[in-house]
Amino acid sequence: MKLLSFLKLSFTIALFLFSACDEIEDVQPDEDVNSPLSEAYTNRLNTVLDSVCNALQIKGASVAILVPDVGIWKRAYGESHAGVPIRTDMSLTIGSNTKTYIATLILKLQEQDLLSINDTIGKWIKNKPYVNGQVTIKQLLNHTSGFGDFSFNPAFIEAIRSDFDKIWKPEEMYPFFEPPYFTPPGSAYAYSDQNILLAGLIIQAVTNQPVEKSLRELILSPANLPNTIYYPFETNSLKIPHSWSADYNDNGILEDLDAMYGYSRKAFCSADNAAGGMMSTAEENVMFWDKLMTGNIINRNSLSQMKQFVNTGAPNFEYGLCLEHRIDALNGRTVYAHNGYVPGSVNDNAYDTQSGVCIAVLTNQDKMLDFKPILEALHKVTLEFNK
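**Some thoughts on the nonpolar core**
Item 1. Judged by nonpolar contacts, the single largest core of 86 residues is most densely connected at Leu141, Met173, Leu198, Met293 and Met306.
Item 2. Here this core gets eight residues from one element, more than from any other, and that element is helix H5 (residues 193–207).
Item 3. Ranked by size, the runner-up nonpolar core spans 29 residues in total, among them Ala61, Val63, Val346 and Val381.

Next comes the structure, spelled out in structure tokens:
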């Protein structure tokens with residue numbers, strides 16, 4: 001999700017090296033003793049992950065790699081807070097990675113003839129501020145609607161910070177909606193959480209039930225993803241690590257939001273809702289991306305529509321229906337992906353279009369917005385062993 005200062009997502013590459021005061025204690029990594037990969041392959045991945053995380057002084061990370069026809073390697077590095085290690089079975093927020101799940105659900109509803117991505121949103125959403133009813137669902141999902149972004153509204157940021165435990169309804173976001181970036185719809189690309197929040201409201205209107213119920217019934221349960229949670233509207237049974245933020249006071253120093261400010265993810269996740277409210281594990285993240293990209297969640301026609309990319313204006317970067325197309329992005333390979341940000345947590349995912357290898361990196365910090373060093377190092381190992 002994109003927010004100024006405290007709540008900010010950036011697609012711009014920016015690598016931040018942590019100051020010495022942010023160094024973590026020596027916490028033993030969470031081993032995957034049942035790795036399906038060979039011992040040499042597993043040891044190499046373990047060594048590379050620990051090395052790159054140590055070099056970048058990562059607070060904590062949960063990582064998984066799915067190798068087709070072999071299985072999933074997973075490992076955690078670092079800590080939740082002093083003396084408490086991150087574990088692979090902990091639940092972390094996935095931010096805007098949620099958007100890909102929502103686009104998948106929209107396409108599943110289209111397969112059931114309940115809507116069309118070419119429908120105009122005025123069919124369900126009427127007389128709301130800064131909402132042009134002639135915009136199509138497709139334009140919401142590929143961010144060509146021209147709509148502004150409520151996450152840039154200072155009043156919204158203040159509302160979230162004033163009560164971390166408040167559970168917002170998506171309809172309560174309308175007063176924070178921002179003027180359009182451009183007109184007419186479809187004439188350009190501009191990423192906006194407003195788009196996908198509206199997509200979630202359309203899902204509610206079409207199905208006559210909350211988004212989380214449709215998502216569970218049509219996507220998460222069939223894909224066997226019990227620990228991927230639409231938070232806080234579903235119960236999270238897993239432990240949640242502390243969130244560390246350098247954005248809260250905008251001073252570049254990581255602070256333990258849970259310990260220092262009584263931070264709860266409820267307000268942020270409920271307010272961002274369909275645009276960025278989900279939580280998951282790295283393992284279930286790679287499972288989702290593998291099943292999605294191999295046509296085991298939506299059919300091939302829907303997947304083809306998801307891959308209809310628009311020009312974002314950034315080099316080697318296109319955007320489909322909540323799907324990033326990063327061209328020659330990892331060791332010369334093209335990947336499908338989506339990243340995400342919430343206060344105290346950033347994540348990234350990559351699906352290698354040649355090998356089918358999926359990588360997910362979830363962290364409990366918001367200081368580093370560029371995951372390429374981690375993704376590229378781990379991906380390079382998969383290239384070495386998957387020849």
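From this point on, the discussion continues.
**Overview of the packing of aromatic side chains**
Item 1. Under the defined criterion, the tally for this structure stands at 15 aromatic pairs.
Item 2. Plain terms: the ring middles of Phe309 and Tyr336 are 6.0 Å apart, the flat faces sit at 20° to each other, and that makes the pair stacked. Here the residue Phe309 occupies a position in the loop between helix H10 (300–306) and strand S9 (310–311), and Tyr336 occupies one in strand S12 (residues 333–337), the gap between them amounting to 27 residues.
Item 3. In this structure Phe309 comes out as partly exposed when scored by relative accessible area, which is 23%.
Item 4. Ring centres of Tyr336 and Tyr351 lie 6.4 Å apart, and the angle between their planes is 10°; on these two criteria the pair is classed as stacked. Of this pair, Tyr336 sits in strand S12 while Tyr351 sits in strand S14 (residues 345–352), and the two are 15 residues apart along the sequence.
Item 5. Overall, the relative accessible area of 10% leaves Tyr351 in the buried class.
Item 6. Grouping aromatic residues by their ring pairs yields a cluster made of Phe150, Phe156, Trp168, Tyr174, Phe176 and Phe177.
Item 7. Above the plane of the ring of Trp244 lies Lys59, whose end atom (NZ or CZ) is 4.0 Å from the centre.
Item 8. Above the ring of Tyr248, the side-chain terminus of Arg161 is found at 4.1 Å from the ring centroid.

Reading guide: rules and limits
Residues numbered from 1 in each chain as written. Predicted model: local features only at pLDDT ≥ 70, side-chain atom pairs only at ≥ 80, totals over all residues. Heavy atoms only, no water. Core = buried A, V, L, I, M, F, W, Y, C linked by side-chain atoms within 4.5 Å. Buried < 20%, exposed > 50% of the residue type's maximum accessible area, 1.4 Å probe, protein only. Helix = DSSP H or I, 4+ residues; strand = E, 2+ residues; numbered from the N terminus. Phe/Tyr/Trp six-rings, centres within 6.5 Å; stacked < 30°, edge-to-face > 60°. Lys NZ or Arg CZ within 6 Å of the ring centre and 35° of its normal.

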